[in-house]
Amino acid sequence: MKEEKENNAQHFLDLIQKSRKGKFKIYIGMSAGVGKTFRMLQEAHSLLKNGIDVKIGYIETHMRKETHELLAGLPIIPRRTIFYKGKELEELDVQAIINLRPEVVIVDELAHTNVEGSKNEKRWQDVLEILEAGINVISAVNIQHIESLNSAVKRITNIDVQERIPDNVLRLADEVVNIDLTSEDLIARLKEGKIYTPDKIQTALTNFFKSEQILQLRELALKEVASQVVRKVENEVPNLHALRHEKLLACISSNDKTAKIVIRKAARLASYYNGSWYVLYVETPQESSTKIALDKQRHLINNFKIAVQLGAEVIKLENKNIADAILITAEEKQITTVCIGKPHLNLFKVILSTTIFRRLLNKLSLSNVDLVILS
């Protein structure tokens, strides 16, 4: 009875804490030039007309005429100046925003990496700090900056996007709005000089702004926003919860490339099913800290970091039998789906490993656990 009262009190405290946080709205788009910044500035004018204290914390117009003109009449919080390697650079002034306490602040370029020496490494961390202070934030990001989509974006565009935000940041948003354009409209805007300066147009058309690439990125953006809506409905309408709460276990090895694929795809699955998930690494005697190569150790630590950023709990076990470790963890954590990478095996290893897969399949099927091979 006492424990129940304590749980109820904690639940109420959590609700109070949540209500004190600022509301978070994100505009998402398939690429630069779809109109995210333009829409944020339009919304800022609308809020201002309705008597809301809204201020510009950081906006990047890229000197696009139509967008730049919308800055007129909007109160702007001066940026923080930093001297770095002999250059004067400007960043979002988080402390100034918290001190001024506007009702709403506009913060562009959510995936931006701050200048070295800043309090936070990333702008999304600045935004979380502002939200914690009880200030509402409107921000924007392109689909290619979402961590779990990194591999998919690289496959589509052949570009490895370096500035990324954890999926959890997107899930914290109270509202996610997709700014959608057809590929024809986006390319027309580019040719009209509404996205880049004339000297950059041809390069953009040759590289990133190809119709087939835009279509695929557009699909990613639409799917992402759709999954956000589903998650919001499930969280706010309890009766719609599935009978089986999905719990995923992503099993990784020291193979860096395969591990990254498994982690990112498992994160997408967990996001789609609105489930919790774990990343399991089994350290066998052959991969003990004294035997494993230093570069493999670094890759492992980096992959653990990516998994945590994507919302996973990392489990590291020492066991000479990988199948046993997977089965033990699946039972302890009440896992519903085990995810493994596509094996890269020669014939001899296939023969040796068949028994492992057979054991896994037999044991998991008996306990109603799905096995998914991610390639």
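As a reminder, the structure under discussion sits directly above these lines.
Residues numbered from 1 in each chain as written. Predicted model: local features only at pLDDT ≥ 70, side-chain atom pairs only at ≥ 80, totals over all residues. Heavy atoms only, no water.

**What about the packing of helix 11 (residues 256-273) against helix 12 (residues 294-309)?**
The geometry of helix 11 relative to helix 12 is characterised by a closest axis approach of 10 Å and an angle of 5° between their N-to-C directions. In terms of orientation, helix 11 lies roughly parallel with respect to helix 12. Only His299, Asn302, Asn303, Ile306 and Ala307 of helix 12 make contact with helix 11, whose side of the interface consists of Asp256, Ala259, Lys260, Ile263 and Arg264. Split into classes, the residues belonging to the contact of helix 11 with helix 12 amount to four nonpolar, three polar and three charged. (Axes fitted to C-alpha atoms, helices over the stretch in contact; angles between N-to-C directions. Helix = DSSP H or I, 4+ residues; strand = E, 2+ residues; numbered from the N terminus. Parallel < 35°, antiparallel > 145°, perpendicular 65-115°, else oblique. Contact = heavy atoms within 4.5 Å. Nonpolar A, V, L, I, M, F, W, Y, C, P; charged D, E, K, R; others polar.)

**Observations regarding the sheet that holds strand 7 (residues 175-179)**
If you walk across this open sheet you meet the five strands as 2-5-6-1-7, and the pairing is parallel. Every interior strand has two partners, whereas the edge strands, strand 2 (54-58) and strand 7, have only one. Direction aside, the axes of adjacent strands within the sheet are offset by 20° on average. Pairing of strand 5 (residues 104-107) with strand 6 (residues 136-142), which is carried by four bridges, proceeds in the parallel orientation. By the bridge assignment, valine 107 is partnered in strand 6 with serine 139. (Pairing = 2+ DSSP bridges.)

**Re the pairing of strand 8 (residues 247-252)**
Look at any regular strand and the pattern is simple: side chains alternate between the two faces of the sheet. The buried count for strand 8 comes to six of six residues, which makes it a mostly enclosed element. Residues Lys247, Leu249 and Cys251 of strand 8 are buried on one face, and the alternating residues Leu248, Ala250 and Ile252, pointing to the opposite face, are buried as well. Relative to strand 9 (residues 276-283), strand 8 runs parallel, the two being bridged by six bridges. Counterpart to alanine 250 in the pairing with strand 9 is valine 279. (Buried < 20%, exposed > 50% of the residue type's maximum accessible area, 1.4 Å probe, protein only.)

**Section: unusual backbone geometry**
Among all residues save glycine, negative phi is the norm, and among peptide bonds the norm is trans. Positive phi outside glycine occurs at histidine 62, with the angle close to 55°. Summarising the element assignment, histidine 62 is placed in the loop between strand 2 and helix 3 (65-69). Non-glycine residue lysine 85 carries a positive phi angle of around 50°. Turning to its location among the elements, lysine 85 is positioned in the loop between strand 3 (80-84) and strand 4 (87-91). Looking at lysine 85, the relative accessible area reads 71%, which means it is exposed.

**Details of the nonpolar core**
Counting residues in each nonpolar core, the largest one holds 66 residues, and the members touching the most others are Phe24 and Leu110. Per-element tally for this core: the top contributor is helix 10 (residues 211-236), with five residues. Excluding residues within four positions of it along the chain, leucine 110 makes contact with Phe24, Ile26, Arg123, Trp124, Val127, Ser139, Ala140, Val141, Ile165 and Val169. With 21 residues, the next largest nonpolar core counts Ile263, Ala267, Ile292 and Leu300 among its residues. (Core = buried A, V, L, I, M, F, W, Y, C linked by side-chain atoms within 4.5 Å.)

**Quick word on the pairing of strand 1 (residues 24-29)**
Within strand 1, six of the six residues are buried, leaving the element largely enclosed by the surrounding structure. Residues Phe24, Ile26 and Ile28 line one face of strand 1 and the alternating positions Lys25, Tyr27 and Gly29 line the opposite face, and both faces are buried. Relative to strand 6, strand 1 runs parallel, the two being bridged by six bridges. Bridge assignment links tyrosine 27 to a residue of strand 6, and that residue is alanine 140.

**A closer look at the packing of aromatic side chains**
Considering all chains together, one arrives at three aromatic pairs under this definition. Taken together, Tyr196, Phe208 and Phe209 form an aromatic cluster joined through their ring pairs. Just above the ring of tyrosine 58 sits the side chain of arginine 79; from NZ or CZ to the centre is 3.8 Å. In this structure, arginine 123 is placed above the aromatic ring of tyrosine 58, and the distance from its NZ or CZ to the ring centre is 3.9 Å. (Phe/Tyr/Trp six-rings, centres within 6.5 Å; stacked < 30°, edge-to-face > 60°. Lys NZ or Arg CZ within 6 Å of the ring centre and 35° of its normal.)

**Topic: the packing of helix 8 (residues 183-191) against helix 9 (residues 198-206)**
Remark: helix 8 packs on helix 9, axes separated minimally by 9 Å, with the N-to-C direction vectors making an angle of 155°. Accordingly, the angle class assigned to the pair helix 8 and helix 9 is roughly antiparallel. Contacts between helix 8 and helix 9 pair Ile187, Leu190 and Lys191 from the former with Ile201, Ala204 and Leu205 from the latter. Looking at the contact of helix 8 with helix 9, its residues break down into five nonpolar, no polar and one charged.

**A word on helix 8**
For helix 8, the full list of buried residues reads Ser183, Leu186, Ile187, Arg189 and Leu190. The arc that holds the buried residues of helix 8, viewed along the axis, is 155°, so those residues lie on one side. Turned more than 90 degrees away from the buried face of helix 8 sit Glu184 and Lys191, all of them exposed. Residue glycine 193 follows helix 8 closely and has a positive phi angle near 80°. (Arc of directions from axis to C-beta.)

**Overview of the side chain of glutamine 213**
Tracing the backbone shows glutamine 213 in helix 10. Here glutamine 213 falls in the buried class, since its relative accessible area comes to 7%. Non-local contacts of glutamine 213, meaning those with residues more than four positions away in its chain, are made with Ile156, Thr157, Asn207 and Phe208.

**Some details on the sheet that holds strand 10 (residues 313-318)**
What the five strands build is an open sheet, ordered 10-9-8-11-12; its pairing is parallel. Each edge of the open sheet carries a strand with a single partner, namely strand 10 and strand 12 (370-374). Pairs of neighbouring strands in the sheet enclose a mean axial angle of 25°, with direction left out of account. Judged from the six bridges that link them, strand 9 and strand 10 form a sheet pairing that is parallel. Considered in strand 10, the bridge of glutamate 283 is made with glutamate 318. Strands strand 8, strand 9, strand 10 and strand 11 (337-341) of the sheet are contacted by helix 13 (residues 322-332), whose axis makes an angle of about 150° with strand 9.

Everything listed is a geometric property; what it means functionally is a separate question.
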